[in-house]
Amino acid sequence: MAKKITDSVYYVGSRHWDRRLFDELIPLPDGTTYNSYVVIGSEKTALVDSVDPSKVHELLGNLEEIGLDRIDYIISNHAEQDHSGAIPTLLEKFPMAKVVTNQKCKGFLKDLLMIEDGKFLIVDDRDTLSLGNKTLEFILASWVHWPETMFTYLREDGILFSCDFLGSHLATSQLFASKEPKVYESAKRYYAEIMMPFRNMIKNHLKRLNEYDIRIVAPSHGPIYDDPEFIINAYKDWISDEVKNEVVIVYVSMHDSTKVAVEYLIKKLEGKNIIVKPFNLTVSDLGEIAMALVDAATVIVASPTVLTGLHPYAANVVFLLNALRPKTRFISLISSYGWGSKIVDQTKQLLTNLKVEFLEPVLIKGYPKDSDLKELDELVENLHEKHKNLMKI
Ligand code: FEO
């Protein structure tokens, strides 16, 4: 249903309660929403972003509910189809409407949705669009998380329509985010999965946003923030260069040899007051792993050697680690092998994006023996020293 945000702004998006996978990759334990907003000025009306094409009927129903029979502008902050996919249907219903976006986004919209050239009104960074008594300002914000992304700022109401940025995959009846741990966790999961590779870009975008009086953050997924500091401060923490005294262990074990080594390692790390976040890859949610990677100083990959290389589950997560580019400082590897292993070289080759220090791996022939446990002790000592020096703990 449509919901009023301010006297001139309505939420007209859609909740997708039972969607469980995004991009056929990202788990959605709490569903998601596709947020679309209407801004009604004294002379013109604008729709900010649309919805996933599967939910276009809900968007049209919401527009009807608020009695909207005219849209002058469809603002497209981002061309990915979960926000742009309903634009062709909207243009059929509102043929006079112009799609307002930047030049790069126009290219994507033409490629993805075959929208005709004549339908566009192109804007650039800091350009404004008057709706009469309301003014929209456009802020180009490339790489959060596509190159064409922009934000739209409604000056008179202090609302930042931030697109995917600052959003969360969380379907809820609450229009506004409270400061509940659940909201924080969903936003952190979203940051980890979608935004983390662009940490350095985000630093610049957040800095630019300091210039704006932002009273409401209205992202395109999840609840709206009526206390923008809540989400902006969370982002500042996540993107900072600081890491925490934490070790993420991603592991898989075929005949328990690797598992025994992992369990020993957990006990020893905890003995040094290091927080350990272990993930058995046969049962773990990729989003949980991504979230743990936001803060951890160290990642340890533990995998049996399979056909001289990583177990495919471990290779999958190492590939993901490389793509997500967390601020992890140290990486090590534990592997039980039978006859030969090229696992160390293979892992290093898969992690070329990361600026990390590789600590001495522990390669175990068969079941861990006293000499192997001693090597694990040395790894823990080494890690403990590294963490102490880095974090002054
Ligand atoms: Fe929610 Fe990048 O789309």
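Owing to the predicted nature of the structure, the values given are computational and were not obtained by experimental measurement.

### Observations regarding the overall build of the protein
Now for step 1: Within the protein one finds 12 helices and 24 strands.
Now for step 2: Taking the principal axes of its C-alpha atoms as reference, the protein extends roughly 80 × 40 × 35 Å.
Now for step 3: Per-residue burial over the protein gives 58% buried out of 393 residues.
Now for step 4: Counting contacts in the protein only where the partners sit at least 6 residues apart, residues at least 24 apart contribute 71% of the total.

### Some words on unusual backbone geometry
Now for step 1: That bond from Val144 to His145 is cis: its omega, 10°, falls within 30 degrees of zero.
Now for step 2: Structurally, His145 is set in the loop between β13 (135-140) and β14 (150-154).
Now for step 3: We note that Cys163 has phi near 60°; this positive angle belongs to a residue other than glycine.
Now for step 4: Within the secondary structure, Cys163 sits in strand β15 (residues 159-163).
Now for step 5: The buried category is assigned to Cys163, whose relative accessible area is 1%.
Now for step 6: A positive phi angle, near 70°, is found at Leu166, a position not held by glycine.
Now for step 7: Here Leu166 is to be found in the loop between β15 and α5 (181-195).
Now for step 8: Residue classification places Leu166 among the buried positions, given a relative accessible area of 0%.

### Comments concerning helix α12 (residues 370-391)
Now for step 1: The first and last C-alpha atoms of α12 sit 31 Å apart over 22 residues, in line with the 32 Å expected at 1.5 Å per residue.
Now for step 2: The inward-facing, buried residues of α12 abut β17 (244-251), α8 (257-271), β19 (296-302), β22 (330-337) and β24 (362-365).
Now for step 3: Once α12 finishes, Lys392 follows within two positions and takes phi at roughly 50°, a positive value.

### Quick look at the pairing of strand β8 (residues 45-48)
Now for step 1: Neither face of β8 is left uncovered, since the one carrying Thr45 and Leu47 and the one carrying Ala46 and Val48 both have all their residues buried.
Now for step 2: Here strand β7 (residues 37-40) pairs with β8 via four bridges, running antiparallel. Looking at β8, one finds that Val38 is bridged to Leu47.
Now for step 3: Hairpin remark: β7 followed by β8, antiparallel, with four residues in the connecting loop.
Now for step 4: Note: β8 against strand β9 (residues 73-75), three bridges, orientation parallel.

### Focus on the sheet that holds strand β16 (residues 216-219)
In a beta sheet, neighbouring strands are held together by backbone hydrogen bonds and run either parallel or antiparallel to one another.
Now for step 1: The mixed open sheet is built from five strands, whose spatial order is β12-β13-β14-β15-β16. Every interior strand has two partners, whereas the edge strands, β12 (128-130) and β16, have only one. Direction aside, the axes of adjacent strands within the sheet are offset by 20° on average.
Now for step 2: Note that β13 and β14 share five bridges and pair antiparallel. Along β14, the bridge assignment pairs Glu137 with Tyr153.
Now for step 3: Along the sheet, helix α6 (residues 199-209) makes contact with β13, β14 and β15, crossing β13 at roughly 150°.

### What about the packing of α8 against α12?
Now for step 1: α12 packs onto α8 with a crossing angle of 40° between their chain directions and a minimal axis gap of 10 Å. With respect to each other, α8 and α12 are oriented oblique. For the pair α8 and α12, the sense of crossing is right-handed. In contact with Ala261, Tyr264, Leu265, Lys268 and Leu269 of α8, α12 contributes Leu373, Leu376, Asp377, Leu379, Val380 and Leu383.
Now for step 2: Its residues assigned to classes, the contact of α8 with α12 shows nine nonpolar, no polar and two charged.

### Some details on the packing of aromatic side chains
Now for step 1: Evaluated as defined, the whole model comprises 13 aromatic pairs.
Now for step 2: Seen from their ring centres, Tyr153 and Tyr212 are 5.0 Å apart, and the 70° between their planes marks the pair as edge-to-face. Of this pair, Tyr153 sits in strand β14 while Tyr212 is found in the loop between α6 and β16, placing the two residues 59 residues apart along the sequence.
Now for step 3: Accessibility expressed as a relative area gives 11% for Tyr212, which makes it buried.

### A short note on the environment of Asn35
Now for step 1: Tracing the chain through its elements places Asn35 in the loop between β6 (32-34) and β7.
Now for step 2: With relative accessibility at 1%, the residue Asn35 sits in the buried group.
Now for step 3: Residues Asn35 and Ser173 lie 138 residues apart in sequence; the distance between their C-alpha atoms is 13 Å.
Now for step 4: Filtering out sequence-adjacent residues up to four positions away, Asn35 remains in contact with Tyr11, Gly13, Val48, Asp49, Ser50, Pro219, Ser220, His221 and Gly222.
Now for step 5: Within the structure, Asn35 has its side chain in polar contact with the side chain of Tyr11 (distance 2.9 Å).
Now for step 6: At a separation of 2.8 Å, a polar atom in the side chain of Asn35 contacts the main-chain carbonyl oxygen of Gly222.

### Some remarks on the pairing of strand β10 (residues 98-101)
Now for step 1: With three bridges joining them, β9 and β10 adopt parallel strand pairing. The residue of β10 that forms the bridge with Tyr73 is Lys98.
Now for step 2: Considered for its hand, the β-α-β crossover made up of β10, helix α4 (residues 103-113) and strand β11 (residues 120-122) is right-handed.

### A few points about the pattern of salt bridges
Now for step 1: Evaluated as defined, the whole model comprises 26 salt bridges.
Now for step 2: Its salt-bridge partner being Asp157, residue Lys134 comes within 2.7 Å of it at the nearest N-O pair. With Lys134 in the loop between β12 and β13 and Asp157 in the loop between β14 and β15, this residue pair connects regions lying 23 residues apart in the sequence. Of the two residues examined, Lys134 and Asp157, each falls in the buried class.
Now for step 3: Of the charged contacts, one joins Glu288 and Arg189 as a salt bridge, the two residues approaching to 3.1 Å between their closest N and O atoms. In this pair, Glu288 is assigned in helix α9 (residues 286-293) and Arg189 in helix α5, connecting sequence segments 99 residues apart.
Now for step 4: Via salt bridges that share partners, Lys188, Asp237, Lys244 and Asp295 belong to a single interconnected network.

Rules and cut-offs
Residues numbered from 1 in each chain as written. Predicted model: local features only at pLDDT ≥ 70, side-chain atom pairs only at ≥ 80, totals over all residues. Heavy atoms only, no water. Helix = DSSP H or I, 4+ residues; strand = E, 2+ residues; numbered from the N terminus. Buried < 20%, exposed > 50% of the residue type's maximum accessible area, 1.4 Å probe, protein only. Contact = heavy atoms within 4.5 Å. Expected span 1.5 Å × (residues − 1). Pairing = 2+ DSSP bridges. Axes fitted to C-alpha atoms, helices over the stretch in contact; angles between N-to-C directions. Parallel < 35°, antiparallel > 145°, perpendicular 65-115°, else oblique. Left-handed = near helix turned anticlockwise from the far one by under 90°. Nonpolar A, V, L, I, M, F, W, Y, C, P; charged D, E, K, R; others polar. Phe/Tyr/Trp six-rings, centres within 6.5 Å; stacked < 30°, edge-to-face > 60°. Polar contact = N/O pair within 3.5 Å; in protein donor to acceptor, adjacent residues only side chain to side chain. Right-handed = clockwise from strand over helix to strand, strands pointing away. Salt bridge = Lys/Arg side-chain N within 4 Å of Asp/Glu carboxyl O.

None of this, on its own, says anything about what the molecule does.
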